[in-house]
Amino acid sequence: QVQFVESGGGLVQPGGSLRLSCAASGSIFSIYVTGWYRQAPGKQRELVADITRGGSTNYADSVKGRFTISRDNAKNTVYLQMNILKPEDTAVYYCRASTYARVMLGNWGQGTQVTVSA
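Residues numbered from 1 in each chain as written. Predicted model: local features only at pLDDT ≥ 70, side-chain atom pairs only at ≥ 80, totals over all residues. Heavy atoms only, no water.

(A) Representation of the overall build of the chain. On a plain count of helices and strands, the chain comes out with 0 helices and 10 strands. The helix and strand sequence of the chain, counted from the amino end, reads β-β-β-β-β-β-β-β-β-β. For the chain, restricting intrachain contacts to residue pairs at least 6 apart in sequence, the fraction spanning at least 24 positions comes to 53%. When the accessible surface of the chain is summed, it comes to about 6,200 Å², and 49% of that surface belongs to carbon and sulfur atoms. (Helix = DSSP H or I, 4+ residues; strand = E, 2+ residues; numbered from the N terminus. Contact = heavy atoms within 4.5 Å. Areas by Shrake-Rupley, 256 points an atom, 1.4 Å probe, with all protein chains shown as cover.)

Here's what the structure looks like:
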């Protein structure tokens, strides 16, 4: 099993920045890609960005140019640097990983709340 712990959320004004962290533990050897997801009130959970073991990245169109995903393999941690935040970025942010065959690992954690408001 793989466990994920998200942190780094908070309240920020529009245009501000936050950095989220996702620490993985357990059977991390099976991880191929780690993604950040978000779920806003009344909306479905969506993929924001992901990064493969080799460092290839993928972003949702809504965050391209504003968010950057990165990883520190030594710390088993994946980060999401969020800049130029907008009110529509308000959501609970989760991380989760998948195998090479895109089988989801572990379970959804508690996530971390990001609120963008003046």
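(B) Seen up close, the packing of aromatic side chains. As enumerated under the stated definition, the model contains 3 aromatic pairs in all. Here Tyr-32 and Tyr-100 contribute two aromatic rings whose centre-to-centre distance is 4.9 Å and whose plane-to-plane angle is 75 degrees, an arrangement assigned as edge-to-face. Taken together, the residues span a long stretch of sequence, with Tyr-32 in the loop between strand 3 (18-26) and strand 4 (33-39) and Tyr-100 in the loop between strand 9 (91-98) and strand 10 (112-116) at a distance of 68 residues. Within the aromatic cluster, the residues linked to one another by ring pairs are Tyr-37, Tyr-94 and Trp-108. Directly above the aromatic system of Tyr-79 lies the positively charged group of Arg-19, at a separation of 4.2 Å from the ring centroid. The ring of Trp-108 carries the charged tip of Arg-96 above its face, separated from the ring centre by 4.9 Å. (Phe/Tyr/Trp six-rings, centres within 6.5 Å; stacked < 30°, edge-to-face > 60°. Lys NZ or Arg CZ within 6 Å of the ring centre and 35° of its normal.)

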